[in-house]
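Next come the chains, spelled out residue by residue.
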Amino acid sequence: MTAPADREWVAAGVRAASQGYDILLAPDHLTTPAPFPFAVAAASATPLRVGTYVLNTGLYPTALLAREVATAAGNIAGRFELGLGTGYLPQEFAAAGIDPGSPRDRVDDLARALDTARTALGGGTDVPILVAGNGDRVLRLAARHADIVSFLGMRYDPSSAGGLSPLGQRAFAERVAYFDRVAADRSAAIERNLTLRAVVVTDDRDAALRALTRRFRLPAEVLADLPILLVGTIPEIAKQVEDLRERFGISYFAVPDRHQDEFAPVIELLRGA
């Protein structure tokens, strides 16, 4: 579960543990708590695994990143997961006084961060590294170096208000197939994550999709095709999860905190199946 960005995260984490969630993930935006102190504190407050989802690696000088990673890993024995990404919001780089460079530059930063993290963690580490992204170069990095690949179900889109636009089933399937090709023999050993954007429990799926059109600025028929949206009754959503697992090998779903309570009965149903 991705954690809320305010002081309620401790209570949300404690409740998440009771609801069957496995991990509490700290985002990395300038408007949210600093992810590494957050992760250490969350580990002391809950029995959950904790992680970063995901670090904006372009904001971290190499020496600072190495120190933060080593400190977090040393204080969260056996329960820490390191998630890394490129960042995509120009306003965050501007606020930090950092030139974001081109998308290629940001992937170069991600590659350096991967090397830094591996060195900081040392050999024989029990800290899995997650790499999140959608583009070819990021997926190739994940194929070579990651323990977990996170398929965003989104693509970088500077023309979009949020900097990202969602992928339909066909485009998402192509991204997963590309990863399979470049990962080759490693593919089966790399866990697959998908970040959900909305979970809506309802008896009227069509009406719920129509209600989401304003938020996503897309027609309902397009929303119905998005893997990142789970909409329907609890059994129907559980079936959607199973279909994503069967079709794409997704075994790790990141649920936004605002949908924590809605998704909890889905966890219970899947685990009881």
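Residues numbered from 1 in each chain as written. Predicted model: local features only at pLDDT ≥ 70, side-chain atom pairs only at ≥ 80, totals over all residues. Heavy atoms only, no water.

**What to know about the overall build of the protein chain**
Secondary structure assignment for the protein chain yields 11 helices and 12 strands. Over its C-alpha trace the protein chain gives a radius of gyration of 18 Å, about what one expects of a compact globule, namely 19 Å for 273 residues. Here the C-alpha coordinates of the protein chain stretch approximately 50 × 40 × 40 Å along the principal axes. Across the 273 residues that make up the protein chain, the buried fraction comes to 49%. Across the protein chain, contacts joining residues at least 24 apart in sequence account for 72% of those joining residues at least 6 apart. A total of about 12500 Å² of accessible surface is found on the protein chain, and carbon and sulfur atoms cover 52% of it. (Helix = DSSP H or I, 4+ residues; strand = E, 2+ residues; numbered from the N terminus. Rg over C-alpha atoms; globule rule 2.2 N^0.38 Å. Buried < 20%, exposed > 50% of the residue type's maximum accessible area, 1.4 Å probe, protein only. Contact = heavy atoms within 4.5 Å. Areas by Shrake-Rupley, 256 points an atom, 1.4 Å probe, with all protein chains shown as cover.)

**Digging into the environment of leucine 84**
Relative to the elements of secondary structure, leucine 84 occurs in strand E4 (residues 80-85). Judged by relative accessible area, leucine 84 falls into the buried class, the value being 0%. When the C-alpha atoms of leucine 84 and leucine 110 are compared, they prove to be 7.2 Å apart, with 26 residues separating the residues in sequence.

**Examining the layout of surface pockets**
The calculated volume of the second largest pocket comes to roughly 400 Å³. What lines the second largest pocket is a set of 18 residues, and nearest its centre among them are Asp22, Ser251, Tyr252, Phe253 and Arg271. Among the elements of the structure, helix H10 (234-248), strand E12 (252-254) and helix H11 (260-272) are those that each provide at least two residues to the lining of the second largest pocket. Sorting elements by how many residues they give to the lining of the second largest pocket places H11 first, with four residues. Each residue belonging to the lining of the second largest pocket can be placed in one class, and the counts come to 11 nonpolar, two polar and five charged. (1 Å grid on protein atoms, 1.4 Å probe; cavity = no way out; pocket = protein on both sides within 12 Å on 5 of 7 lines; lining within 4 Å. Points joined across faces, edges and corners; volume = space filled by probe spheres on them. Nonpolar A, V, L, I, M, F, W, Y, C, P; charged D, E, K, R; others polar.)

**Topic: the side chain of glutamine 240**
Looking at where glutamine 240 falls in the secondary structure, it is placed in helix H10. Owing to a relative accessible area of 18%, glutamine 240 belongs among the buried residues under this scheme. Once residues lying within four places of it in the same chain are set aside, the contact partners of glutamine 240 are Arg205, Leu229, Leu230 and Val231.

**As for helix H8 (residues 205-216)**
Between the first and last C-alpha of H8 there are 16 Å, a value that for 12 residues agrees with the 16 Å anticipated at 1.5 Å per step. Turning to H8, its buried residues number three or more, namely Ala208, Leu209, Leu212 and Phe216. Viewed end-on, H8 has its buried residues packed into an arc of 95°, placing them on one side of the element. Residues of H8 that are exposed and point more than 90 degrees away from the buried face comprise Asp206, Arg210, Ala211 and Arg214. Check the buried side of H8 and you find it contacts strand E10 (198-201), helix H9 (220-223) and strand E11 (229-232). (Expected span 1.5 Å × (residues − 1). Arc of directions from axis to C-beta.)

**Some remarks on the nonpolar core**
Formed by 90 residues in total, the largest nonpolar core has its most connected members in Phe36, Phe80, Leu82, Phe179 and Phe263. Examining the composition of this core, we find that six residues originate from one element, helix H5 (residues 103-121), more than from any other. Aside from chain neighbours lying at most four places away, what touches phenylalanine 263 is Tyr21, Leu196, Val199, Leu230, Ile237, Val241 and Val255. (Core = buried A, V, L, I, M, F, W, Y, C linked by side-chain atoms within 4.5 Å.)

**Here's the deal with the environment of tyrosine 53**
Residue placement: tyrosine 53 occurs in the loop between strand E2 (49-52) and strand E3 (55-56). With 182 residues separating them in the primary sequence, tyrosine 53 and proline 235 have C-alpha atoms 28 Å apart. Each residue touching tyrosine 53, except ones within four places of it in the same chain, is listed here: Leu25, Ala26, Pro27, Asp28, Leu130, Ala132, Ser150, Leu152, Asn193 and Thr195.

**Structural notes on the packing of helix H6 (residues 136-145) against helix H7 (residues 169-183)**
The geometry of H6 relative to H7 is characterised by a closest axis approach of 9 Å and an angle of 45° between their N-to-C directions. Classed by the angle they form, the pair H6 and H7 counts as oblique. Considering the relative orientation of H6 and H7, their crossing is right-handed. Judged by residue contacts, Asp136, Leu139, Arg140, Ala142 and Ala143 of H6 engage Arg175, Tyr178, Phe179, Val182 and Ala183 from H7. Taken together, the residues that form the contact of H6 with H7 break down as seven nonpolar, no polar and three charged. (Axes fitted to C-alpha atoms, helices over the stretch in contact; angles between N-to-C directions. Parallel < 35°, antiparallel > 145°, perpendicular 65-115°, else oblique. Left-handed = near helix turned anticlockwise from the far one by under 90°.)

**Section: the side chain of threonine 195**
As for its placement among the helices and strands, threonine 195 is situated in strand E9 (residues 191-195). A polar contact is formed between the side chain of threonine 195 and the side chain of tyrosine 53, at a distance of 2.3 Å. Threonine 195 has contacts with Tyr53, Ser150, Phe151, Leu152, Ile228 and Ala254, leaving out every residue within four places of it along the chain. (Polar contact = N/O pair within 3.5 Å; in protein donor to acceptor, adjacent residues only side chain to side chain.)

**So, the pairing of strand E6 (residues 148-151)**
By the alternation rule, side chains of E6 split into Ile148 and Ser150 and Val149 and Phe151, which are all buried. One ladder, built from four bridges, connects strand E5 (residues 129-133) with E6; its direction is parallel. Its bridge partner lying in E6, glycine 133 is registered against phenylalanine 151. (Pairing = 2+ DSSP bridges.)

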